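Each chain, written out:
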Amino acid sequence: MSDDLSAVDDAQLERWAYGRADGDGERAQAAQFELARRVEAARAAQAEAERAEAVRAEAARLAAEQSGDEETAPEHPPLTDDERRHRRRMLATGWAGVAAAALALVGGVAVLGQPDPDPLALFEQPATERDEASEAWLLQAGVSAVTLGPRVVDLENGMLAIAFRSAAVGDGTSTEWDPYCIVVRDPNVSDDRDIALDGGCVSPEQFAREGLVAPLRLTAEMSDLDAVIWGPVGPPRLERGIDDYLRFVLGESVIDRMVYPDADTSIVDDPSRLLMGPVTLLAGEAADESFVLASTYLQRSDTEGGEPTFCVRVGADDGTSSTACALLSAVRQAGIDVPISAGGNTWSIRIDPDGPNRSDTLELVG
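What comes next is a walk through the structure. Values in this document were obtained by computation on a predicted structure and should not be read as measured data.

What about the environment of Ala227?
Relative to the assigned elements, Ala227 resides in strand β6 (residues 225-230). Note on Ala227: relative accessible area 1%, which makes it buried. With twelve residues separating them along the chain, Ala227 and Glu239 place their C-alpha atoms 5.5 Å apart. Not counting residues within four places of it along the chain, the set of residues in contact with Ala227 comprises Val213, Ala214, Pro215, Leu216, Arg237, Leu238, Glu239 and Ile242.

Following this line, the structure appears as structure tokens:
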């Protein structure tokens, strides 16, 4: 598709890029790229504005000193540290590119009516004893590491939402790819039966794109649900009657399913380069009971400032293994295929590119 999308509004781009209905796959990809371009442009513009603000402030200060009027204030005072952090955080979560489309993605919820639209504002407050106790509970429940938070948010009927970021790497290492997570608990249940009602994690880009949705009441049609929603605008809150839940849980990127890394990083040649994973995505078994496991992981480039590399590692029970890697951008656009022959069987592993209705498959072909 060669159409210029620069004049299309964000809401329309989101409908093309992430709509669940069948449509033009090429247009969906082009819309995704245009949204990403706008986020990057907003980041660059914000950085330039901050630099210009600093220059103006310094010029005003020098002028005041030279005139002997130390009380003269600059016409455009520089941003405070809190203001700079807030703007950088909004850009980091994709606010500049997707805030308008967020209203459509959460089923018409009036998210802009929240006291603070910043989804990460809850982490501005110091941790309470309740927050610290929830972290101990999360670690006991199997979370490898909490890298931001947690913070406990009160919901209806005494329910609690625990919001946090967890380690993106299986050994507990924190990276910029750390997923955003939420767990919903009911403290009214006695301590010996204290359980999580539901929860989940999403990648930073999915958090920016559509937030995190943790359903509390499922139906056969996967619609008309009660769920806790966090982001892309506003703090965790309980919403009722959400339609088209599958839109939120079917990953549209090759990294969306990598938010629950395995603890074993030994399958990676250089674990120190890991940015995300590894996570076992696929398993297959042949008639002779031999089997293979396919895992994916993201690793930083071996050159300074280089693009991350997406890898697929397939291992068979007879010790045979095969690993294929490609630049993340290439996998996003074209996917990646990894064949392996083991124990007299030939397997084909396919990781589909980014886009609606993408899937990952493992097939016995010979």
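Once the structure has been displayed, the description carries forward.
With respect to the sheet that holds strand β10 (residues 309-316)
If you trace the four strands from one edge of the open sheet to the other, you get β8-β9-β10-β11, paired in antiparallel fashion. Sheet topology places β8 (274-285) and β11 (321-327) at the edges, where each strand pairs with a single neighbour. Neighbour-to-neighbour, the strand axes of this sheet turn through a mean angle of 15°, independent of strand direction. Inspection of the sheet shows β8 paired to strand β9 (residues 291-299) by eight bridges, in the antiparallel sense. Across the sheet, the residue bridging to Met276 is Leu298, located in β9.

A few points about helix α5 (residues 129-140)
Across its twelve residues, α5 extends 17 Å between first and last C-alpha, which sits within 8% of the 16 Å expected from 1.5 Å per residue. By the burial criterion, the buried members of α5 are Asp131, Ser134, Trp137 and Leu138. All buried residues of α5 project into a common sector of 115° when viewed along the axis, lining one side. Exposed residues pointing more than 90 degrees away from the buried face of α5 are listed as Glu129 and Gln140. Phi for Gly142, located one or two positions after α5, is positive at around 115°.

Section: the pairing of strand β12 (residues 336-342)
Where burial is concerned, the two faces of β12 differ: the one with Ile336, Val338, Ile340 and Ala342 is buried and the one with Asp337, Pro339 and Ser341 is not. With seven bridges connecting them, β12 and strand β13 (residues 345-351) associate as antiparallel partners. Along β13, the bridge assignment pairs Ile336 with Ile351. Between the end of β12 and the start of β13, which pair antiparallel, lie two residues, with Gly343 showing a positive phi angle near 60°.

Structural notes on the packing of aromatic side chains
This model, assessed by the stated rule, comprises four aromatic pairs. Between Phe207 and Trp230, the aromatic rings sit 4.9 Å apart at their centres with planes inclined by 70°, giving edge-to-face as the arrangement. Residue Phe207 is located in helix α6 (residues 204-210), and its partner Trp230 is located in strand β6; the two are separated by 23 residues in the primary sequence. Both residues of the pair, Phe207 and Trp230, count as buried. An aromatic cluster is defined as three or more aromatic residues linked by ring pairs; in this entry it consists of Phe123, Tyr180, Phe207 and Trp230. Residue placement shows Arg165 over the ring face of Tyr180; its charged tip is 4.2 Å from the ring centre. Positioned above the aromatic ring of Trp137 is the side chain of Arg185, whose terminal nitrogen or guanidinium carbon lies 3.9 Å from the ring centre.

Details of the state of the cysteines
A complete count under the given rule lists two disulfides for this structure. What pairs with Cys311 in a disulfide is Cys325, and their sulfur atoms sit 2.0 Å apart. Residues Cys311 and Cys325 are joined through a disulfide that is right-handed, its torsion about the S-S bond being 110°. Of this pair, Cys311 sits in strand β10 while Cys325 is found in strand β11, placing the two residues 14 residues apart along the sequence. Overall, Cys311 belongs to the buried group, its relative accessible area being 0%. Assessed through its relative accessible area of 40%, Cys325 is described here as partly exposed. Across the protein, the way the bonded cysteines pair up, counted in sequence order, is 1-2, 3-4.

Description of the pairing of strand β3 (residues 180-185)
Counting buried residues along β3, six of its six residues qualify, which places the element largely inside the surrounding structure. The side-chain alternation of β3 yields two buried faces, one formed by Tyr180, Ile182 and Val184 and the other by Cys181, Val183 and Arg185. One ladder, built from six bridges, connects strand β2 (residues 160-166) with β3; its direction is antiparallel. What sits directly across from Ala163, in β3, is Ile182.

Remarks on the pattern of salt bridges
Inspection of the entire model under this criterion finds eleven salt bridges. One salt bridge in this structure joins Glu210 and Arg209, with 3.8 Å as the shortest N-O distance. Residues Glu210 and Arg209 agree in their burial class; the two are buried. As a salt-bridge pair, Arg350 and Asp352 come within 3.2 Å of each other at their nearest N and O atoms. The partly exposed category is assigned to Arg350, whose relative accessible area is 23%. A single network of salt bridges, built from pairs that share partners, joins Glu205, Arg332 and Asp354.

What counts, and where the lines are drawn
- Residues numbered from 1 in each chain as written.
- Predicted model: local features only at pLDDT ≥ 70, side-chain atom pairs only at ≥ 80, totals over all residues.
- Heavy atoms only, no water.
- Helix = DSSP H or I, 4+ residues; strand = E, 2+ residues; numbered from the N terminus.
- Buried < 20%, exposed > 50% of the residue type's maximum accessible area, 1.4 Å probe, protein only.
- Contact = heavy atoms within 4.5 Å.
- Pairing = 2+ DSSP bridges.
- Axes fitted to C-alpha atoms, helices over the stretch in contact; angles between N-to-C directions.
- Expected span 1.5 Å × (residues − 1).
- Arc of directions from axis to C-beta.
- Phe/Tyr/Trp six-rings, centres within 6.5 Å; stacked < 30°, edge-to-face > 60°.
- Lys NZ or Arg CZ within 6 Å of the ring centre and 35° of its normal.
- Disulfide = S-S within 2.5 Å.
- Salt bridge = Lys/Arg side-chain N within 4 Å of Asp/Glu carboxyl O.

Everything listed here is a matter of coordinates, which is why it stays silent on function.
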